[in-house]
Protein chains: 4
Amino acid sequence: MTTQNPVFLPGPTNIPDRLRRAMNTQTIDHRSPEFAEHFKHVLEQLKPIFGTDQGQPFIFPATGTGGWEIAITNTLSPGDKVLAGSYGAFSDKWIALCRQHGLNVEVVDRAWGEAVPADEFARILQDDTRQDIKAVLVTHNETATGVASDVSAVHQALEQADHPALLMVDGVSSIASMPFRMDDWGVDVAVTGSQKGLMPPPGLAVLAMSQRALQAYDQATCHRAYFDIRDMQQANEAGSMPYTVPTNLVYGLEESLQMLQEEGLQQVFARHATLAEGVRRAVWAWGLTLCAQGRQNYSDTVTAIEIPEGFDAGKLVAHARERYKVQFGGGLGNIAGKAFRIGHLGDVTAAMILTGLATIEMAMVDLDYPIQLGSGVAAAQEYYRQNIKG
Amino acid sequence: MTTQNPVFLPGPTNIPDRLRRAMNTQTIDHRSPEFAEHFKHVLEQLKPIFGTDQGQPFIFPATGTGGWEIAITNTLSPGDKVLAGSYGAFSDKWIALCRQHGLNVEVVDRAWGEAVPADEFARILQDDTRQDIKAVLVTHNETATGVASDVSAVHQALEQADHPALLMVDGVSSIASMPFRMDDWGVDVAVTGSQKGLMPPPGLAVLAMSQRALQAYDQATCHRAYFDIRDMQQANEAGSMPYTVPTNLVYGLEESLQMLQEEGLQQVFARHATLAEGVRRAVWAWGLTLCAQGRQNYSDTVTAIEIPEGFDAGKLVAHARERYKVQFGGGLGNIAGKAFRIGHLGDVTAAMILTGLATIEMAMVDLDYPIQLGSGVAAAQEYYRQNIKG
Amino acid sequence: MTTQNPVFLPGPTNIPDRLRRAMNTQTIDHRSPEFAEHFKHVLEQLKPIFGTDQGQPFIFPATGTGGWEIAITNTLSPGDKVLAGSYGAFSDKWIALCRQHGLNVEVVDRAWGEAVPADEFARILQDDTRQDIKAVLVTHNETATGVASDVSAVHQALEQADHPALLMVDGVSSIASMPFRMDDWGVDVAVTGSQKGLMPPPGLAVLAMSQRALQAYDQATCHRAYFDIRDMQQANEAGSMPYTVPTNLVYGLEESLQMLQEEGLQQVFARHATLAEGVRRAVWAWGLTLCAQGRQNYSDTVTAIEIPEGFDAGKLVAHARERYKVQFGGGLGNIAGKAFRIGHLGDVTAAMILTGLATIEMAMVDLDYPIQLGSGVAAAQEYYRQNIKG
Amino acid sequence: MTTQNPVFLPGPTNIPDRLRRAMNTQTIDHRSPEFAEHFKHVLEQLKPIFGTDQGQPFIFPATGTGGWEIAITNTLSPGDKVLAGSYGAFSDKWIALCRQHGLNVEVVDRAWGEAVPADEFARILQDDTRQDIKAVLVTHNETATGVASDVSAVHQALEQADHPALLMVDGVSSIASMPFRMDDWGVDVAVTGSQKGLMPPPGLAVLAMSQRALQAYDQATCHRAYFDIRDMQQANEAGSMPYTVPTNLVYGLEESLQMLQEEGLQQVFARHATLAEGVRRAVWAWGLTLCAQGRQNYSDTVTAIEIPEGFDAGKLVAHARERYKVQFGGGLGNIAGKAFRIGHLGDVTAAMILTGLATIEMAMVDLDYPIQLGSGVAAAQEYYRQNIKG
């Protein structure tokens, strides 16, 4: 029997019914004035999501990885020095992508579970008196470890060093579910995808670029063509793309932005904060440990949980899927097998989160994890009871 | 924000995605040979759902109440004596409908929470030597109290009294989720609706009639026209109805029957039995009481739960809906305010049930019910863990 | 290959995408305050569709045939005299239904193709000085012949005879596509279904009753229970029905009413008038004849077309369906085989109508009808060109 | 009022209902074994669409333009010489893209309306004794002019010159609607998109590469990262992508492939050929001229039509859209204003095509084009009548 259980992936996330309806449209001419209006409206409505008045949002038919590529190829040149931290699977992937494009990445290594090394960045930027560093990369929310980083601290480091490097931020699993303040934080490029906080299915890379980033285009010699931001800008002015617009995903995004606006972005962020804290309380009630180190780094969209020695998180996730038909995220990279992840971003409610907690408890007990059935659920219930607004 | 929480109503039930897709069709000619094939197929596939080889299934554009009316008006005449038990809101409603049609109902009263009084029926039938009683009504699953009755016991009472009365059964909230054996139990008319175990939205009355019931038509003088079974029979032979067929609901039903067949009816029944027992374990862990009296009467599709003195179940249900956006059934009739109901029929999974249990626990604690957060969830988890098949 | 050709049935009609989306919803509690608001809103918004301020709209889970039954059983008593005209398959069916309910129908016969015999009605009503006639039935738009009748002429006949009989009108295939002015025309009961001008799929009987009709209830002794208007009225006040509300169809109706309001009812009527005239011009260009006699009787929602001697309209319709995958209406009753019908009501456009005309032309020529390919299309094109508003 | 008119764009094309339903799914884990099976199945089922046993299909979250970029960046190096013909907007765009990637394109210019200059290619290849040319580009179906080219003639030119250049073909608007025989024609890279003959909405670049093309990867130094075919190949082996799979579009593609298989590819091609010939007959009946020169070059998926001197095709297309709500393609590039295009690929039927022809006739007459209403329709009807299979 087809089940209707929600997913607890850190993306793609559960698609609201309303959004599915909005995408279920017949073909319209993506070059028509009608569609152009919709598309321009969507681009405009993305601004508050990124927290920007000055920046310019972009949508590409691609994924978040495409977004990373757009960020660097339109602003940098082969051989350019880039400063980045390695502290999880997704920060590492972006570094690898930079290297594929011939960038010279200076990597600051940190243990998985730690956040962006803003202090070390500050030191390095201070020392970079020749201003060789052209960009600093921050993974705002490391999806692999459930760690949120302080983007504004990196911004401050740049400011204190009076350093002109561009600040590029991967907000794939944070934007639209956690506060993101592009203008306030001095972010030059922010990247996300459609299938996370924004809630449509995968297929769109969604970005915003500051005026400074847009100006960097002229000097940037990295190869880009499909991902050329200047071509896209021109086509966007006419409400289109340089190629066929993925119309149905754009309609999904339009509905998503409408839903976020109706709930109110601050309420959306507050909802995610509350739901995430409930998940953490459950983890602690189980006697387990978060991958994320330090309360200030806890992600409000995904929680990575270390499992006890001697168990295999991959088996746990497979068991939950096979026996209970509920999908969780596995551990990635360094922590494969050692951690599992609960995604709690996008269209989620307390009731849905409790489904996930109750299910993973059963799965853990099935596999002889030393945890108590109902214990995590009770801890989350108590927190939700006191903090959920009706 | 639109939530995606499941409903815990005893109907309409959660509609599987697959079934929603099947209903989302453009118009086709309901008099075309193509549609006729679909419709005949659906009628044929209903037979195993009712547990009948000999009986004839019918679909009317109506609700379960329409089904009750079809049952009696096509087989009985004003003034006919009918034997029925009063033991819940739905058994009472059917009695009232009989009286609206001029039938003379002999009612055996039982406390809400008890099942059909088969013993008393046996005595009455034995005494009815003039065979005045033309029909015996049984509410197989009293949705108001969560009580399942033993239909075959009533059949035995009829057989032992060698009594020719027709056996009519309301299986609205049991059929397709609990075992129903029309032929084995000697049922002459069985009634259900689309929006319960069958899973489409409301709008179809679904029945099956034995050959004996169909023959009773000729003597039956109750008024019927829209609900005339003979007209329907003739139109059905051509794969149609005497009026416009509600095509989209029929497509939903076709998909539902396909899903039930794929899972296997015995597996569907076993799933409901397991999920229901988990709900009961939760109730007991809360220290609360079922409305249903006696283990043999527990319904596997809906559980009605008595709340402690001094509380108002209506407020509880409203609170769960308003604060947590989860819908439960309230108490009806005699037990309005004194009980609430958890529907667990149709497309439900253990994960979904745990959502409901976790939510109602929060709602109860919010309203100062003396129960322990997580306690019911843990009891259900333990049961599901040991009994759910992957 | 699945085709996307529109249907040219006189109902069920083509369902707008928007309406399909609106119906594609998960289950909600049909007893919840949220749904009650929607439902009350829908009932209220039906008033302009019927052209009534004073009348009360009703929705039943049933078809138009159920609507006929609701009309008569809630207002009349067995033996009551009813005046009706026989001038098509649907006027005949309502007469037959009246007789099934024990009403004494005085029938005025007219050739198929003629309209309601208002003059003869006037004479009969004048002569009925004892006021035996309790109701006059009018089929506003006879779907079998494509004939629209003058309801107000019957109203005038009643007024001139100072006769208190109720005026009951079948507007199944006219309402929401052609002007209907319940209050102005003195209509007491107006009946339609969901699947015609209103555009959702079949499954709802939609009615409006005047205050006078509602008062007739108390004296009316026809049997009704499922179709009892008083029970429905009480439940409607709470935003519900006496049984489970067919929620998804109601959502479809809500969207339909919204669409009709956005286009503007007068524009909707004008669109149908224009499209219908184009169809008639095509018929004349083919050298064929309308069933409808007299320009004032031409229906703007369905056109019935007499085919030349020696041909079989059933074969024509089957051929169009099988070879070109386009569905037209066949001839019914007296004119079965002798006429076919083009439905042009609901969500139709000039482009869609031309699809139908072009297709039936091919089908006619395939079967050696003496008509010219493109001739009907050209006549309709010329008319649409000059009369369609962009 | 929302219309349900089909579109006559040369893509995106009309989406079959069944395909829309298939895409309307809740989220599933794109890394789950269940999805991996679906995805591998889709990749495998693409082979017959490309006409290849030996080649390997790929799907990227991108558009056809992305497909062009994938083709060249994974097989060529900056400075490599590429041979291409300029004979329409899309062949020109691919040339421009090559140049953006630093390729040295030798362009053979031809008038718009002509096909690939295979003879001139033969001469050039013969002369290229140093084998500087690394790839030959062919736009199989030039969407701007409605010209189909003979790919196998270019293949023969390569063979006769015994030349090792890769043969790369843009089949964006031909594949899945017109015959494409990758293996027989010696094609090394074939590119299409989701939104044309394949019928899902835009958002997927769909390609196939020969073993020779895959081997060229190792020497190719063009920049690629998101579009790296080797990374994709590895991920595909596990039923995934190197990034998040656009699951819903993949489900749409799966249904599309199922539909194409059910109809039978040869029947799909025959259907397009018949429908296209009807469109051409209409054009000639209007007294207008095709952009395409020479019967052997007529495209069966899009027809570009030259309009009379003194008219503006852009106005015609806008008028049809605004007044009749029907969307046609405008003229592009060199023939902007001078031609309009009728797309007839994907899920189209004779009835749908006649809708388009009838509509554009009205629009032309509205704007005083010297054409006869119904003339093109009649010519197409006559052809369809004699050639459509039921």
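The rules behind these values
- Residues numbered from 1 in each chain as written.
- Chains lettered and ligands numbered in written order.
- Predicted model: local features only at pLDDT ≥ 70, side-chain atom pairs only at ≥ 80, totals over all residues.
- Heavy atoms only, no water.
- Axes fitted to C-alpha atoms, helices over the stretch in contact; angles between N-to-C directions.
- Helix = DSSP H or I, 4+ residues; strand = E, 2+ residues; numbered from the N terminus.
- Parallel < 35°, antiparallel > 145°, perpendicular 65-115°, else oblique.
- Left-handed = near helix turned anticlockwise from the far one by under 90°.
- Contact = heavy atoms within 4.5 Å.
- Nonpolar A, V, L, I, M, F, W, Y, C, P; charged D, E, K, R; others polar.
- Salt bridge = Lys/Arg side-chain N within 4 Å of Asp/Glu carboxyl O.
- Buried < 20%, exposed > 50% of the residue type's maximum accessible area, 1.4 Å probe, protein only.
- Polar contact = N/O pair within 3.5 Å; in protein donor to acceptor, adjacent residues only side chain to side chain.
- Least-squares fit on C-alpha atoms with pLDDT ≥ 70 in both.
- Expected span 1.5 Å × (residues − 1).
- Buried area = accessible area lost by both parts, 1.4 Å probe.
- Pairing = 2+ DSSP bridges.

1. Examining the packing of helix 10 (residues 265–285) of chain A against helix 13 (residues 375–387) of chain A
Residue and element names in this part refer to chain A. Closest axis-to-axis distance for the helix 10/helix 13 pair is 7 Å, and the angle between their directions is 150°. With respect to each other, helix 10 and helix 13 are oriented roughly antiparallel. For helix 10 against helix 13, the interelement crossing comes out right-handed. Contacts between helix 10 and helix 13 involve Thr-274, Leu-275, Glu-277, Gly-278, Val-279, Arg-281, Ala-282 and Ala-285 from the first element and Ser-375, Gly-376, Ala-379, Ala-380, Tyr-383, Tyr-384 and Asn-387 from the second. Split into classes, the residues belonging to the contact of helix 10 with helix 13 amount to eight nonpolar, five polar and two charged.

2. What about the pattern of salt bridges?
Counting across every chain of the model gives 97 salt bridges over all chains. Between Arg181(A) and Asp184(A) there is a salt bridge, with its nearest N and O atoms 3.1 Å apart. For Arg181(A), a relative accessible area of 42% gives the class partly exposed. Accessibility expressed as a relative area gives 53% for Asp184(A), which makes it exposed. Glu255(C) is the partner of Arg18(C) in a salt bridge, and the nearest nitrogen-oxygen pair spans 2.6 Å. Here Arg18(C), found in helix 1 (residues 17–23), pairs with Glu255(C), found in helix 9 (residues 247–263); they are 237 residues apart in sequence, far enough to count as distant. Each member of the salt-bridge network shares a partner with another, and the members are Asp17(A), Arg20(A), Arg21(A), Asp17(B), Arg20(B) and Arg21(B).

3. Points about the side chain of His344(B)
All names here are of chain B. With respect to the helices and strands, the residue His-344 is situated in the loop between strand 13 (339–343) and helix 12 (350–366). In this structure the side chain of His-344 is engaged in a polar contact, spanning 3.2 Å, whose partner is the backbone oxygen of Asp-300. Polar side-chain contacts of His-344 include one of 2.7 Å to the side chain of Thr-303. Excluding anything up to four places from it in sequence, His-344 contacts His-272, Ala-276, Val-279, Ser-299, Asp-300, Thr-301, Val-302, Thr-303 and Ile-353.

4. Some remarks on the relation of the copies chain D and chain A
The transform that puts chain D on chain A rotates by 180° and translates by 0.0 Å along the axis, for an RMSD of 0.0 Å. Put plainly, the chains are arranged around a two-fold axis. In terms of proximity to the rotation axis, the leading residue of chain D is Ala62(D), whose C-alpha is 2.7 Å off the axis. Interface overlap between copies: 100% of the residues of chain D at the interface are likewise at the interface in chain A, consistent with a symmetric, same-surface contact.

5. Side note on the relation of the copies chain D and chain B
Superposition of chain D onto chain B requires a rotation of 180° combined with a translation of 0.0 Å along the rotation axis, giving an RMSD of 0.0 Å. The overlap is high: 100% of the interface residues of chain D also sit at the interface in chain B, so the same surface is used on both sides.

6. Remarks on helix 12 (residues 350–366) of chain A
Residue and element names in this part refer to chain A. Between its first and last C-alpha atoms helix 12 spans 24 Å; for 17 residues at 1.5 Å apiece the expected length is 24 Å, and the two agree. Burial analysis of helix 12 places 17 of its 17 residues in the buried class, the great majority of the element. Asp-368 sits one or two positions beyond helix 12 and adopts a positive phi of about 70°.

7. Some thoughts on the interface of chain D and chain A
Every contact between the two is made by 49 residues of chain D and, on the other side, 49 residues of chain A. Ranking the residues of chain D by area buried against chain A places Thr27(D), His223(D) and Tyr226(D) at the top, with a combined share of 15%. Our count for the contact surface shared by chain D and chain A stands at two salt bridges. One salt bridge in this structure joins Arg321(A) and Glu34(D), with 3.8 Å as the shortest N-O distance. Applying the counting criterion to the chain D and chain A interface returns 15 residue pairs in polar contact (both at pLDDT 80 or more). Among the secondary structure elements, those contributing two or more residues to the side of chain D that touches chain A are helix 2 (33–50), helix 3 (64–73), helix 4 (89–100) and helix 9 (247–263) of chain D. Split into classes, the residues belonging to the side of chain D that touches chain A amount to 20 nonpolar, 21 polar and eight charged.

8. Notes on the sheet that holds strand 11 (residues 302–306) of chain C
Residue and element names in this part refer to chain C. Taken in spatial order, the four strands make up an open sheet running 10-11-13-12, and their pairing is antiparallel. Two strands bound the open sheet, and with one partner strand each, they are strand 10 (289–290) and strand 12 (329–330). Where strand 12 meets strand 13 (residues 339–343), two bridges bridge the pair, whose relative direction is antiparallel. Bridged to Gly-330 within strand 13 is Phe-340. Contacts between helix 11 (residues 313–324) and the sheet are confined to strand 12 and strand 13, with strand 13 contributing the most and set at about 40° to the helix.

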